Amino acid sequence: MFTKLIELNQIIEGGKTRSIVERLNQGLPDTYKHGIAICFDLNSGQYVGLRLVEGCQDVVYMKASGNGFATTALQPLSEKSMSTVNKLKRSADALHLVSFFTIKKQVENITEHFDETTVHEDIKKKLQDIPQSKDERIYLFVASVDGDKILPLYKEMEVQEQMVKNALHEQYGKAEKFLSIENDRTCYLCGKAGQKVYGNFSMLKCYNLDKRGMITGGFSYRQPLKNFPVCEECIAAVSSGYDFAKKYLTFSMCGERYILLPNLQTKDEELSDVILEKLQDREPATLSSKLEKITAAENEILEELAEVGGGKDVLTLTMVFFEESNASWKITAEIPEVLPSRINLIYKAKHAVESNRYLKMGDKNFHYTFRSLQRFTGDGGKLSRRKFMSYIDAIFSDRDLDERVLLMQNHIVNSKERA
Ligand SMILES: [Zn+2]
């Protein structure tokens, strides 16, 4: 999984390597259409009210863990607007403590004049004029103003560096209370020696290290560096790949959510561009189902990507099924390196079944998808889900599915329905 995310990052970057800030920057989804700048005069530091900006293209933002605040003095507006303002104040205070050189005086002024109650009153008033819905969200950020110019703190280099430092040291460089940073070690992911490594790279909240068997001797918080040492470069690359995958490559197959990770078989920048374009231009994945597709998902990414190579297996697709609840992210199954030719074959089989006139009921269109197969596996409980996943695994990995097992299963389901 981790190495696949690094490979995905290579596709995203094409020929040019991005900086660590660019990789770690999660940005905001396009639905954040309105930004409210909390403005302070650049010279005097006085609070001068709010200004509106459209869109969120250039924001620099990393979500804080738990109830914390983002380091770049930018927050998506939450239901409790006072708490959002409070987080921004805390963020500015924190920047005040660490900033030096260029923005020291500026941030000091801001923290001095940042009165949460006044700012919050203004925001409450402002919110009455801004339409808000799930497609039109609002974010707040702290900025200085110089005449007409808005200078957001998140654009300052020192602030961006602080974001990186915080991510690496506070989030990934500590495990529980233990510091877990070491110099001159070999990175588990890229294999480079002599690196500064971090032991608690827990972005995915799982220590499934891309291999079966996990960690010999068990996992221990006290030994994260022994368990999973990762270098800065790799942390940034995995984070960037993961953010992209969450945004563009998360799909649902009959209720089972999965991330699809393309992996190029050849070093081909042109192909990277084609794939990237295909992935980014897609409508966001939805959970609604249209039955003409094999996965019963509206956007049939599998078919689209399988066609990229024009019949040749120039890339493979890894499907990572997962469960997500609050803070934990768990891989439930991984189907590695499915070939496009295999996907084409599955489509052919699907069409063959659908055109079989014995299976058709009257003149109605008949669609055969994995949902049809899912019905064979029972009531949707834990056991039946596991069974369904094993069928999917067998089909994509080109292994045999014993039809007798399926028929038996169908018999059990039917008799239960009759009972
Ligand atoms: Zn590395």
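Residues numbered from 1 in each chain as written. Predicted model: local features only at pLDDT ≥ 70, side-chain atom pairs only at ≥ 80, totals over all residues.

Student: Is there a simple way to explain the overall build of the protein chain in this structure?
Tutor: A count of helices and strands for the protein chain gives 14 helices and 14 strands. Taken over 419 residues, the protein chain has a buried fraction of 32%. (Helix = DSSP H or I, 4+ residues; strand = E, 2+ residues; numbered from the N terminus. Buried ≥ 20, exposed ≤ 12 C-beta atoms within 10 Å, placed from the backbone.)

Student: It is not clear to me how the environment of phenylalanine 228 should be interpreted in this structure. Could you clarify?
Tutor: Residue position: phenylalanine 228 is located in the loop between α7 (224-227) and β10 (230-231). Phenylalanine 228 gets classed as buried once you count the C-beta atoms within 10 Å, which come to 22. It is 9.1 Å that separates the C-alpha atoms of phenylalanine 228 and valine 197, two residues lying 31 residues apart in sequence.

Student: It is not clear to me how the packing of helix α3 (residues 81-98) against helix α5 (residues 116-127) should be interpreted in this structure. Could you clarify?
Tutor: Axes are the key here: two packed helices are described by the angle between their axes and the distance separating the axes. With their axes 10 Å apart at the nearest point, α3 and α5 run at an angle of 135 degrees to one another. Between α3 and α5, the crossing angle belongs to the class labelled oblique. When the axes of α3 and α5 are compared, the crossing they make is right-handed. Contacts from Ser81, Met82, Val85, Asn86 and Lys89 of α3 reach α5 at Glu116, Val119, His120, Ile123 and Lys124. Taken together, the residues that form the contact of α3 with α5 break down as four nonpolar, three polar and three charged. (Axes fitted to C-alpha atoms, helices over the stretch in contact; angles between N-to-C directions. Parallel < 35°, antiparallel > 145°, perpendicular 65-115°, else oblique. Left-handed = near helix turned anticlockwise from the far one by under 90°. Contact = placed C-beta atoms within 7 Å. Nonpolar A, V, L, I, M, F, W, Y, C, P; charged D, E, K, R; others polar.)

Student: For this particular structure, what's the right way to read the sheet that holds strand β9 (residues 195-198)?
Tutor: Backbone hydrogen bonds hold the strands of a sheet together, and the pairing may be parallel or antiparallel. In spatial order, the strands read β8-β9-β10; together these three strands make up an open sheet with antiparallel pairing. Here the strands that pair on one side only, and so sit at the sheet edges, are β8 (181-185) and β10. (Pairing = 2+ DSSP bridges.)

Student: Can you help me understand the confidence of the model for the protein chain in this one?
Tutor: Predicted coordinates in regions of low pLDDT should not be interpreted in detail. Mean pLDDT over the protein chain stands at 81; residues scoring 70 or higher make up 82%. Within the protein chain, the element-level pLDDT minimum falls on α7, averaging 60, and the maximum on strand β3 (residues 74-76), averaging 97. Here residues 207-219 is a poorly scored stretch, pLDDT under 50, and it has 15 contacts once near neighbours within four places are set aside; other chains count. Scored below 50 in pLDDT, residues 284-292 shows 14 contacts in the model against residues more than four places distant or in partner chains. (pLDDT = per-residue confidence, 0-100.)

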